[in-house]
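Notes for the structure review
Below, each chain spelled out in residue letters.
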Amino acid sequence: MALHKDEILNSLAATANIAQFVAFRPAGDHLKQSYCRIAGFEENHRFESPKEAIAALLGRSSDRKVNVRSYEPNNPRSREFVYGLQTVEEALAVLDRLAAENLHLIVNETIDIHDGGVSGVVQGQLIEFAPDDTPRCVEKPGAASLPLAVGMNILRTVYGFSAELSFAQNARIEFSIHPRPRGYHQRHTIVWELEWDAPGFLPAAMLWPNRFSRHLGDKVYGLLIANELGVPVPRTTVIGRRIAPFTFGRDTGSAEVWTRTAPTDPQPGLYTTVKGWVDPFSLLSSEDPDGANIRSVICQSAVRAQFSGAAVTGPKGEIIIEGRKGEGDQFMLGLQLPEMLPSFVVENVTAIYSVLASRLGPVRFEWVHDGDVVWIVQLHCGATSSTADVIVPGQADAWVEFQTSAGLETLRRILATMPEGHGVMVIGRVGLTSHVADLLRKANRPAKVKSS
């Protein structure tokens, strides 16, 4: 006979960290307490009434709130879930309403979902999660979806501890992870639900932007993925708005650093990237004072650049590699043209591309070659539709000219003000992998190149 959810939670408490709870089952015209785990009371202490039990739970909840979870005894999936009740009276009213439907009920402490951690589900070799939500985030668009080993490593890198999610292959675990210890055993991982005999083979959709990449900054997430897939990423320290600083990547052999901003979503060339150290808090304050756009600042070890550039998946699935000798910041801004690269550089970049594309599908990345090693300094998903003379395919009623020498900010103003139906005529050569081309593709306006 399958165990009820309250029995599973009671059993889990012996080995896993759970939220403090008290559970009830309908018994005629009243509720009968089944199990409870509340700090300061003996295991499965019997309260005089639901009112007394909820009062005890509210008094020991770290956030002084409770949730109510309802389920049918013969169905492992939850029914209605009510979050963040603040008074005994509110909780009792929800219990009475759901008990009238003959549902079994679990009241557990609310644990803040806005503390910088994540919630999600592990099933087989798949992990999915998002910040600022309950484990039901997986039922909404935008959860990060990763192979279990990759996801667990990324979470350990970001939060500095290993999530306690080691269960059998046929288990489905709803969990949350918190920067501060929480729950019945005061640990970082909370297990909310556990089911057995769940389908084990589920493919991960390793795509971003997603809610977790926006939480960290798109640039940070891409570099974390690259690092986990085993390609060289310069040692990177992340100073985030909502997560304590963390570091990952490899030593480049250089004592110099780059300071880079990591916007929520890709914003080609919009925010600061500069060689040298810049006060990250001053940078955040000056460039994004309300915190709406930049999620973090990264300090990245410099690479002794012999060659730099970018690679993208082209419209026919082919790799397009562009770059030039030395550092590539001016090339990426469209202020320098690509040069002929040595064959060994092209071969090395192609090898890195093959590793990434085999796991992620079409990709775009910026690279730096130090003469021996190709280093990834940005990674994004997706292909480009651009060809040599057409950056964004499409017809236009009229064409607005953009001189590449005018710079990215001029292009942003053109795109923001030009009428519907108009396209951009780029005057002067520009790399298909440059930020100019990225910005045009993001705007999705017809754009073609006319050599000056």
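Please refer to the structure placed before this passage.
First things first, this report covers the structure right here in the doc.

Definitions and cut-offs
Residues numbered from 1 in each chain as written. Predicted model: local features only at pLDDT ≥ 70, side-chain atom pairs only at ≥ 80, totals over all residues. Heavy atoms only, no water. 1 Å grid on protein atoms, 1.4 Å probe; cavity = no way out; pocket = protein on both sides within 12 Å on 5 of 7 lines; lining within 4 Å. Points joined across faces, edges and corners; volume = space filled by probe spheres on them. Helix = DSSP H or I, 4+ residues; strand = E, 2+ residues; numbered from the N terminus. Nonpolar A, V, L, I, M, F, W, Y, C, P; charged D, E, K, R; others polar. Axes fitted to C-alpha atoms, helices over the stretch in contact; angles between N-to-C directions. Parallel < 35°, antiparallel > 145°, perpendicular 65-115°, else oblique. Left-handed = near helix turned anticlockwise from the far one by under 90°. Contact = heavy atoms within 4.5 Å. Pairing = 2+ DSSP bridges. Buried < 20%, exposed > 50% of the residue type's maximum accessible area, 1.4 Å probe, protein only. Salt bridge = Lys/Arg side-chain N within 4 Å of Asp/Glu carboxyl O. Core = buried A, V, L, I, M, F, W, Y, C linked by side-chain atoms within 4.5 Å.

Okay, the layout of surface pockets next. Of the voids in this model, the largest pocket is the one considered here, and its volume is about 950 Å³. Contributions of two or more residues to the lining of the largest pocket are made by α6 (218-228), β13 (257-263), β15 (294-301), β16 (307-313), α8 (329-332), β18 (363-369), β19 (374-381) and α11 (435-443). Top contributing element to the lining of the largest pocket by residue count: β18, with five residues. Tallied by class, residues from the lining of the largest pocket come to 22 nonpolar, 13 polar and eleven charged.

This brings us to the packing of helix α4 (residues 148-159) against α6. Where α4 meets α6, the closest approach of the two axes is 10 Å, and the angle between their N-to-C directions is 125 degrees. Comparing their axes, α6 and α4 come out oblique. Handedness of the α4/α6 crossing: right-handed. Counting all contacts with α4, which are made through V150, N153, I154, T157 and V158, the residues of α6 involved are L224, I225 and E228. Among the residues making up the contact of α4 with α6, the classes are represented as five nonpolar, two polar and one charged.

What the four strands build is an open sheet, ordered β17-β16-β18-β19; its pairing is antiparallel. Strands with a single pairing partner mark the edges of an open sheet, and in this sheet they are β17 (319-325) and β19. Between one strand axis and the next, the sheet turns through 15 degrees on average, direction left out of account. The pairing of β16 with β18 spans six bridges and is classified as antiparallel. Counted as the bridge partner of S308 is V368 from β18. Where helix α9 (residues 343-360) meets the sheet, its contacts fall on β16, β17, β18 and β19, and the angle it forms with β18 comes to roughly 145 degrees.

This next bit is on the environment of L165. As for its position among the elements, L165 is in the loop between α4 and β9 (172-182). On the basis of relative accessibility, which here comes to 5%, the residue L165 falls in the buried class. Along the primary structure L165 and F175 are separated by ten residues, whereas in three dimensions their C-alpha atoms are 8.1 Å apart. Not counting the four nearest positions on each side in its chain, L165 is found in contact with V122, I127, M152, I173, F175 and T189.

Pairing between side chains of opposite charge can happen when the charged atoms of each approach one another. In the structure shown here, the tally under the stated rule is 23 salt bridges. Note that K140 is salt-bridged to D133, the shortest N-O span being 2.9 Å. A relative accessible area of 42% places K140 in the partly exposed class. What emerges from the salt-bridge pattern is a single network uniting K5, R69, R172, E174, E193 and E195.

Ranked by size, the top nonpolar core spans 68 residues in total, and within it I127, F212, I225, F365, W367 and L379 carry the most contacts. Counting residues per element, this core draws most heavily on α4, at seven residues. Not counting chain neighbours up to four residues away, the residues in contact with I225 comprise L146, I154, M206, W208, L360 and L379. Listed in part, the 23 residues of the second largest apolar core include L31, L57, V66 and L85.

Here we come to the environment of A262. With respect to the helices and strands, the residue A262 is situated in strand β13. A C-alpha to C-alpha distance of 43 Å links A262 and V22, two positions 240 residues apart in sequence. In contact with A262, not counting residues within four places along its chain, are G217, K219, V220, I294, R295 and S296.

In spatial order, the strands read β8-β7-β6-β9-β10; together these five strands make up an open sheet with antiparallel pairing. A strand with exactly one partner marks an edge of an open sheet, and here the two such strands are β8 (144-147) and β10 (187-195). Here the strands of the sheet are splayed against their neighbours by 25 degrees on average, with no regard to which way each runs. Pairing between β9 and β10: seven bridges, direction antiparallel. Across the sheet, residue S176 finds its bridge partner in β10, namely I190. Strands in contact with α4 are β6 (118-123), β7 (126-131), β8 and β9; relative to β8, the strand with the most contacts, it is inclined by about 115 degrees.

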